[in-house]
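Listed below are the residues making up each chain.
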Amino acid sequence: MNEPIIEAVGLQKRFGDIVAVQNVDLSIYPGEIVGFLGPNGAGKTTTIKMLIGLLRPSAGVARIGGFDLQKAPLRAKALLGYVPDQPFLPEKLTAREYIQFMGGLYRLEPKIARERGEDLLRLFGLTDRGDELLGGYSHGMRQKAALTGALLHQPRAFFLDEPTVGLDPRSARLIKDLLRDVAAQGTAVFMSTHILEIAERMCDRVFIINKGAIIASGTLDQLRAGGDASLEDIFLSLTGDPDEVALLDD
Ligand SMILES: Nc1ncnc2c1ncn2[C@@H]1O[C@H](COP(=O)(O)OP(=O)(O)OP(=O)(O)O)[C@@H](O)[C@H]1O
């Protein structure tokens, strides 16, 4: 039986009187690319932060590879990778130094970290820029460096917050293809977006969150076939940016 790699059961987060996330159940399996879709302030980042162990849930359980993030945080975190929408990178390191640093955090052999890092730099067209300081990198280059660092240990659960925002068309396409390769190796990919069409073009399945609660899930075809008018309303309320969608065109 196929076990989920990413799992949330009754996940909830309160900030004072605000219920940011309520009763979220998710199961995400090896090899899937799953989109987490919802308007601004819906609770996407808060949910992801609980799933990666950056925020403690007010109630419920988050597990990675069967390990509870509260009870076995090190074992759970060893299995996951995360790229935030604005990645924090050490400005004073070069990309190659950053790769060694991240490899050290994940206790990879330096040779393995170097080889995997060089493969990713090559894929991203950064081989010739790998000795430059990250502080001088453009937004897109920073995204690629963050992806490189987060993929070095070959995570089984890979989380991305708005991965295509601010990227040029070629880079957005590259990331789409990369995520497909990562998933093909059995990793579960979970990415947030507030744009329906980005999810449609990149994801096998989506969860839609609104006001902290999951209101629909399935493939987009399944969701549409439901003919649920309220779902259509929610889609309309998700502010799609046509320029960004165009990034993923062939
Ligand atoms: N540290 C915090 N303290 C208080 N309220 C918070 C905190 N973090 C998030 N919230 C609130 O929780 C709700 C969900 O926020 P969250 O950042 O998870 O939404 P999001 O779906 O990721 O939005 P966006 O697409 O704008 O990034 C919002 O109402 C937000 O104001």
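As a starting point, this report considers the structure included with it. (Residues numbered from 1 in each chain as written. Predicted model: local features only at pLDDT ≥ 70, side-chain atom pairs only at ≥ 80, totals over all residues. Heavy atoms only, no water.)

## Side note on the site of the ligand
Taken together, Phe15, Ala20, Pro39, Asn40, Gly41, Ala42, Gly43, Lys44, Thr45 and Thr46 form the complete shell of residues around the ligand. Between the ligand and Thr45, the relevant distance is 2.7 Å, taken from an oxygen atom to a side-chain nitrogen or oxygen of the residue. Within the side chain of Thr46, one N or O atom sits 2.6 Å away from an oxygen atom of the ligand. For the ligand, whose accessible area on its own is 640 Å², the fraction buried by protein is 58%. Counted by class, the shell around the ligand contains 4 nonpolar, 5 polar and 1 charged residues. (Near = heavy atom within 4 Å. Polar contact = N/O pair within 3.5 Å; in protein donor to acceptor, adjacent residues only side chain to side chain. Areas by Shrake-Rupley, 256 points an atom, 1.4 Å probe, with all protein chains shown as cover. Nonpolar A, V, L, I, M, F, W, Y, C, P; charged D, E, K, R; others polar.)

## Concerning the packing of helix α3 (residues 95–105) against helix α4 (residues 110–123)
Packing of α3 against α4 brings their axes to within 9 Å, and their N-to-C directions diverge by 135 degrees. Judged by the inter-axis angle, α3 sits oblique to α4. Considering how the two elements wind past one another, α3 and α4 form a crossing that is right-handed. Residues Ala95, Arg96, Ile99, Gln100 and Gly103 of α3 lie in contact with α4, whose contacting residues are Pro110, Ala113, Arg114, Gly117, Glu118 and Leu121. When its residues are assigned to classes, the contact of α3 with α4 shows 5 nonpolar, 3 polar and 3 charged. (Axes fitted to C-alpha atoms, helices over the stretch in contact; angles between N-to-C directions. Helix = DSSP H or I, 4+ residues; strand = E, 2+ residues; numbered from the N terminus. Parallel < 35°, antiparallel > 145°, perpendicular 65-115°, else oblique. Left-handed = near helix turned anticlockwise from the far one by under 90°. Contact = heavy atoms within 4.5 Å.)

## Overview of the pairing of strand β1 (residues 6–15)
Bridge count for β1 against strand β2 (residues 18–28) is 7 bridges, and the pairing is antiparallel. Note on β2: the bridge partner recorded for Phe15 is Ile18. Counted between consecutive antiparallel strands, the loop separating β1 from β2 contains 2 residues, among which Gly16 sits at a positive phi close to 60 degrees. Where β1 and strand β4 (residues 59–64) come together, 5 bridges link them in antiparallel fashion. Paired with Ala8 across the bridge in β4 is Ala62. (Pairing = 2+ DSSP bridges.)

## Structural notes on the sheet that holds strand β3 (residues 33–37)
By way of backbone hydrogen bonds, the strands of a sheet pair with one another, either parallel or antiparallel. The mixed open sheet is built from 6 strands, whose spatial order is β6-β7-β8-β3-β9-β10. Edge positions in the sheet fall to β6 (80–83) and β10 (213–218), since each of these pairs with one other strand and no more. When strand polarity is set aside, the average angle formed by the axes of neighbouring strands in this sheet is 15 degrees. For β3 and strand β9 (residues 205–210), the ladder comprises 4 bridges, and the chain directions are parallel. Paired with Leu37 across the two strands is Ile208, which belongs to β9. Across the sheet, helix α6 (residues 169–184) lies against β3, β7 (157–161) and β8 (188–193), angled at about 145 degrees from β8, the strand it touches most.

## Quick look at the packing of helix α5 (residues 139–151) against α6
The N-to-C vectors of α5 and α6 enclose an angle of 10 degrees; their axes lie 12 Å apart at closest approach. Classed by the angle they form, the pair α5 and α6 counts as roughly parallel. Along the contact surface, α5 presents Lys144, Leu147 and Leu151, while α6 presents Ser171, Leu174, Ile175, Leu178 and Val182. In the contact of α5 with α6, the residues fall into 6 nonpolar, 1 polar and 1 charged.

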